[in-house]
Amino acid sequence: MKLHRTLYIKLILAYLVFFLLSFIIISSVNGRMILDDLTRTQAESLYRESRLVATTYGSDIYKGIDARETALQQLKAIDTYISAEIRVIDPAGRQILDSRSESNAVFEDFDPAAIGSYYLVSDFYGTFDEDYLSVFYPITSRYSVRGYVVIQMPMSAIYASRDRLLNITYFTMFFMYIFSLSVMVVFTFAVYLPMRHITLAAEEYAKGNYDYDPNVHGRDEMGYLGGTLHYMASEIGRSEDNQKKFIANVSHDFRSPLTSIKGYLTAMLDGTIPPEMHEKYLNVVLNETDRLTKLTNGLLELNSLNSRGMVLSITDFDINAVIRQICETFDVLCGEKKISIELILSGEKLFVSADMGKIQQVVANLTDNAIKFSHSNSIIKIETTEKGDKVFVSVKDSGIGIPSDAQQLIFDRFYKTDLSRGKDKKGTGLGLAITKEILQAHGQNINVISTEGVGSEFIFTLAKSKNIEE
Ligand code: ADP
């Protein structure tokens, strides 16, 4: 599957869309709102002026030429003061006074009542070349409208104010956008790049390259994900390796006795081994078949132990007694190798809760190994100690020891150290695997402490019996 940079492109597109949308919204909606607001504020202020003009000079305008002239002078003064043109127009649209011209223009469609507002933005019936804000106030006399005061100023000033305000908004938006780009940068380094590394690693794992390191080390979720993935891949690699080794070992361990059986039998049949020697070699063949049976039984047993829900018949029994009894069964073997077993047992009796038959097997396996890998004239110590609700059983020898890199592997099926391969031809490499399965089914642990050439100590735990104290 080809990896496209889709996530990154999507994010950049989202940013561009965000930027464009915010620009469009600000320039259209905000521009409109600002303009309306500025226009209304300006209109309100002109409305106050027009009301003042209408109430102060309104009656003078209709009193006669002199009064009208005086009013005009006043309007001109106000015009200069507020920089706005002031007109007085009668309801028919005829201009009566104008602070900036003498004309008596007529505005055909003039009808402020129809506008629906007190102000209007337009070219004022074609009078101006640009937009003007015109504010109306009626001059009333005896309950009828006699004319309107119209104050006008160009919209250009308001447009300029709006543009200034908009520019400030654009400027702020631009900076916000630059700042928000820093989110992109953080995303790139914190999420995107680690994710690419992790994706590449996943591709490598899919190809079977389990040693590939994604190189994602942060303390955040990405670092955790990278680390977990790497761990998972190395575990898969390890279990694949183990499986290969397991098959290699099974084949090897079955092949060597079969080869020697075939060799001896062929030699007997073709006369290479004379008939008087047959008994000796048949015994060798018998030993080899014993070994094959032992191997097959071991494998069968492991398989049945391994299947989930191993049935344990838990009882309370005295582990000290079990150890003593197992040691007796090794008396002959110990005698041959001049090995003595020293028991350092906690108390007279020490009750534990476990499957007695299976624990006997564990103790026997460990003792058998200790004897097998001990030099003659040495001592093996078996010790029981109590700690809290646990009982620790230790089997310690001063034999050949286990190299440190092999110590985690000896519990794997068929594993034998190179040290033992030469010496122990009968071992199957299944004993410790069975031992570990049994203890795991009990929810207990087994550990090894060993120094090559000095000796080994195997320690396992058991649950102390809750019912029987002594
Ligand atoms: P085996 O039937 O070969 O003894 P185990 O599973 O019991 O199989 O042991 C696996 C290997 O662990 C042995 O072949 C040996 O290399 C090593 N080992 C086990 N116990 C000891 C010990 N007490 N001292 C040294 N090596 C040991």
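Residues numbered from 1 in each chain as written. Predicted model: local features only at pLDDT ≥ 70, side-chain atom pairs only at ≥ 80, totals over all residues. Heavy atoms only, no water.

> Pulling in residues and values, what's your account of the overall build of the chain?
Secondary structure summary: the chain contains eleven helices and twelve strands in total. Burial status across the chain gives 37% buried among its 470 residues. The contacts in the chain between residues at least 6 apart in sequence include a share of 65% that link residues at least 24 apart. On the chain, roughly 27600 Å² of surface is accessible, and the fraction owed to carbon and sulfur atoms is 58%. (Helix = DSSP H or I, 4+ residues; strand = E, 2+ residues; numbered from the N terminus. Buried < 20%, exposed > 50% of the residue type's maximum accessible area, 1.4 Å probe, protein only. Contact = heavy atoms within 4.5 Å. Areas by Shrake-Rupley, 256 points an atom, 1.4 Å probe, with all protein chains shown as cover.)

> Describe helix H7 (residues 319–329), listing the residues and the values that go with them.
Within H7, burial applies to Ile 319, Asn 320, Val 322, Ile 323, Ile 326 and Cys 327. Down the axis of H7, the smallest arc covering the buried residues is 160 degrees, so these residues share one side. Across from the buried face of H7, at angles greater than 90 degrees, the exposed residues are Glu 328 and Thr 329. Backbone nitrogen of Asn 320 and a side-chain oxygen of the N-cap are separated by 3.0 Å at the start of H7; the cap is Asp 318. (Arc of directions from axis to C-beta. Polar contact = N/O pair within 3.5 Å; in protein donor to acceptor, adjacent residues only side chain to side chain.)

> Hey, could you go over a negative patch on the surface for me, with residue numbers and the actual values?
Taken together, Asp 123, Asp 129, Glu 130 and Asp 131 make up a surface patch of like negative charges. Note that Asp 129 resides in the loop between strand E3 (119–122) and strand E4 (132–141). Judged by its relative accessible area of 85%, Asp 129 is exposed. (Patch = residues over 30% accessible without salt bridge, like charges linked within 9 Å, V, L, I, M, F, W, Y side chains within 5 Å. Salt bridge = Lys/Arg side-chain N within 4 Å of Asp/Glu carboxyl O. Lys, Arg positive; Asp, Glu negative; His and termini not counted. Charge placed at Lys NZ, Arg CZ, Asp CG, Glu CD.)

> Give a description of the sheet that holds strand E2 (residues 95–98) that names residues and reports values.
Read across the sheet, five strands follow the order E2-E1-E5-E4-E3 without closing on themselves; strand pairing throughout is antiparallel. The open sheet is flanked by E2 and E3, the only strands paired with a single partner. Going across the sheet, the axis of each strand differs from the next one's by a mean of 25 degrees, ignoring polarity. Pairing geometry for strand E1 (residues 85–89) and strand E5 (residues 144–154), over five bridges, is antiparallel. Looking at the pairing, Arg 87 lines up with Val 150 of E5. Taken strand by strand, helix H2 (residues 65–82) contacts E1, E2 and E5, and its axis lies near 55 degrees from that of E2. (Pairing = 2+ DSSP bridges. Axes fitted to C-alpha atoms, helices over the stretch in contact; angles between N-to-C directions.)

> Explain the packing of aromatic side chains residue by residue, including any values.
Summed over the entire model, instances satisfying the criterion amount to 20 aromatic pairs. Here the aromatic rings of Phe 171 and Phe 175 are separated by 5.0 Å at their centres, their planes lie at 70 degrees, and the arrangement is edge-to-face. With Phe 171 and Phe 175 both in helix H4 (residues 156–206) and four residues apart, the pair spans about one turn of that helix. Residue class for Phe 175 comes out partly exposed when judged on its relative accessible area of 37%. The rings of Phe 107, Phe 110, Phe 124, Tyr 125, Phe 136 and Tyr 148 are connected pair by pair, giving a single aromatic cluster. Sitting over the face of the ring of Tyr 62, Arg 146 holds its NZ or CZ atom 4.3 Å from the ring centroid. Its end group placed over the ring of Phe 392, Lys 387 keeps NZ or CZ at 5.1 Å from the ring centre. (Phe/Tyr/Trp six-rings, centres within 6.5 Å; stacked < 30°, edge-to-face > 60°. Lys NZ or Arg CZ within 6 Å of the ring centre and 35° of its normal.)

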